[in-house]
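Commentary on secondary and tertiary structure
Okay, here's what each chain looks like letter by letter:
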Amino acid sequence: MAGKPGHGEGERVRAEGTTLGPIIGVLFDGFAYGMLLFLLSVGLSVTLGMMNFVNLAHCSLAMVGGYATVSLTNDYGWPFLATLPVAFVAAGVVSIALERTLYRRLYRATDLDQCLLTIGIVFVSVAVAAYFYGTIQQPIRIPSYLKGSIAIGSMNLGAYRLFLIAVSLVVTIALILALEYTRFGAQVRAAVDNQRMARGLGINVDTAFAITFALGGGLAGLGGALAIEMVGLDPAFAFTYLIYVLIVVSLGGLGSIGGSFAAAVVLGLSDMAGKYYFPGLGAFVIYFVMVVLLMWRPAGLFGKR
């Protein structure tokens, strides 16, 4: 996996006695890691593609969700699953606060101004996380039924990875339905295309933007909470995974949820296969795949601009 080694390496797929075992293991772990990248990146795809705002602090919101889960499980004894909605809400609330106080002032600013502001927020978030939680990896307690593996035929599939895949698929379907086939999704797209016209039609543009940022931030928080068991959590998370999130968004195409899903799967599989079959190359494979795909489709797999 990219970044830090996962805590659940023992949960890899095993199919002893078959030549397909290693291949299936790589595909399964790669798909699970791709789903983690999707959860971390889809919120940025929504805000960047639909609202044209470059929010480099997106992974800081993922840290908010991650540390909320760590605090609730370790300090207050909450069940892991019960902390996930709180992680979503906590990151969403922080996202709304940032949108109301800082981001809305820069909607019409240049990309450089947006980048400078949001990368500054990343530095602040890293310092705050280090002050309150230290610089060490945070432990997390997950329920016993998400540990170990589940036997399916001759294979043992990691229980946590199966859970992560299921959550990602549900989020994908819900997002597509919400943003493509609902009145709210149409209002957001109208507000982005022409704010003056949207206001004339009675659309509350400010509220639509705030809800969109809350949704994007909440999804980042959910991804951050789910990432702890696989890749760990420390203050460097906001910088480490910002790179991979930006790669997923750029390869998928701005504003394309399906594109982000496809890009995350491709990158997860290629990264896992590269580290399994070509360990000497390390994390280089994921960058090689990015360069090749962007040379083929500069606007991304599903991008139009």
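Residues numbered from 1 in each chain as written. Predicted model: local features only at pLDDT ≥ 70, side-chain atom pairs only at ≥ 80, totals over all residues. Heavy atoms only, no water.

Where two aromatic rings form a pair, the distance of their centres and the angle of their planes describe that pair. Using the criterion set out here, one finds 16 aromatic pairs in the structure. Here Tyr276 and Tyr277 contribute two aromatic rings whose centre-to-centre distance is 4.8 Å and whose plane-to-plane angle is 75°, an arrangement assigned as edge-to-face. With a relative accessible area of 43%, Tyr277 lands in the partly exposed category. Joined through ring pairs, the aromatic side chains of Phe53, Tyr103, Tyr107, Phe209 and Phe213 make up one cluster. Against the face of Trp296 rests Arg297, its NZ or CZ located 5.8 Å from the ring centre. (Phe/Tyr/Trp six-rings, centres within 6.5 Å; stacked < 30°, edge-to-face > 60°. Buried < 20%, exposed > 50% of the residue type's maximum accessible area, 1.4 Å probe, protein only. Lys NZ or Arg CZ within 6 Å of the ring centre and 35° of its normal.)

This part covers the pairing of strand E1 (residues 149-152). Of the pairings in the sheet, the one linking E1 to strand E2 (residues 155-158) comprises four bridges and is antiparallel in character. The partner of Ile152 across the bridge, within E2, is Met155. Hairpin connection between E1 and E2: a loop of two residues separates the two successive antiparallel strands, and Gly153 in this loop has a positive phi of roughly 65°. (Pairing = 2+ DSSP bridges. Helix = DSSP H or I, 4+ residues; strand = E, 2+ residues; numbered from the N terminus.)

All right, on to the packing of helix H3 (residues 80-101) against helix H8 (residues 205-231) then. Contact geometry of H3 with H8 gives a least axis separation of 7 Å together with a crossing angle of 140°. In terms of axis orientation, H3 runs oblique to H8. For the element pair H3 and H8, the recorded crossing hand is right-handed. Across the contact of H3 with H8, the residue classes break down as 15 nonpolar, six polar and three charged. (Axes fitted to C-alpha atoms, helices over the stretch in contact; angles between N-to-C directions. Parallel < 35°, antiparallel > 145°, perpendicular 65-115°, else oblique. Left-handed = near helix turned anticlockwise from the far one by under 90°. Nonpolar A, V, L, I, M, F, W, Y, C, P; charged D, E, K, R; others polar.)

To continue, consider the environment of Gly30. Of note, Gly30 is situated in helix H1 (residues 21-51). Take Gly30: its relative accessible area is 0%, and that puts it in the buried class. Not counting the four nearest positions on each side in its chain, Gly30 is found in contact with Gly268, Leu269 and Met272. (Contact = heavy atoms within 4.5 Å.)

The predicted model of the chain averages 85 in pLDDT, with 91% of residues at 70 or higher. When pLDDT is averaged over each element of the chain, helix H2 (residues 58-75) comes out on top at 95 and helix H6 (residues 183-193) at the bottom at 76. Per-residue pLDDT stays below 50 along residues 1-20; that stretch engages in 59 contacts with residues further than four places along the chain or on separate chains. (pLDDT = per-residue confidence, 0-100.)

Now for helix H9 (residues 237-252). Each α-helix winds once per 3.6 residues, and so residues spaced three or four apart point in a common direction. Across its 16 residues, H9 extends 22 Å between first and last C-alpha, which sits within 8% of the 22 Å expected from 1.5 Å per residue. Every buried residue of H9 is accounted for by Phe237, Ala238, Tyr241, Leu242, Tyr244, Val245, Ile247, Val248, Val249, Leu251 and Gly252. Looking one or two residues past H9, Gly253 carries a phi angle of roughly 105°, positive in sign. (Expected span 1.5 Å × (residues − 1).)

When you line up the elements, Gln114 lands in helix H4 (residues 111-133). Contact partners of Gln114, with chain neighbours within four places excluded, come to Asn52, Phe53, Val54, Leu106, Tyr107 and Ala109.

One broad trend across soluble globular proteins is that nonpolar side chains are buried collectively. Core analysis: the largest hydrophobic core is formed by 87 residues, its most contacted members being Phe80, Leu226 and Phe237. Per-element tally for this core: the top contributor is H1, with 14 residues. Residues within four places of Phe80 in sequence aside, it is in contact with Thr69, Thr73, Ile140, Arg141, Ile142, Pro143, Leu146, Tyr160, Phe163, Ala225 and Leu226. (Core = buried A, V, L, I, M, F, W, Y, C linked by side-chain atoms within 4.5 Å.)

Overall, the coordinates contain zero disulfides when judged by the stated rule. Cys115 takes part in no disulfide bond, and the closest cysteine sulfur, belonging to Cys59, lies 14 Å away. The class of Cys115 is partly exposed, set by a relative accessible area of 24%. (Disulfide = S-S within 2.5 Å.)

For side chains of opposite charge, pairing can occur when their charged atoms come near one another. Per the counting criterion, the structure on display carries four salt bridges. Taking the shortest distance from any N to any O, the salt bridge between Glu99 and Arg104 comes out at 3.7 Å. A residue is classified by how much of its surface remains accessible, and Glu99, at 1% relative accessible area, is buried. For Arg104, a relative accessible area of 29% puts it in the partly exposed group. For the salt bridge of Lys275 with Asp271, the shortest nitrogen-to-oxygen distance reads 4.0 Å. (Salt bridge = Lys/Arg side-chain N within 4 Å of Asp/Glu carboxyl O.)

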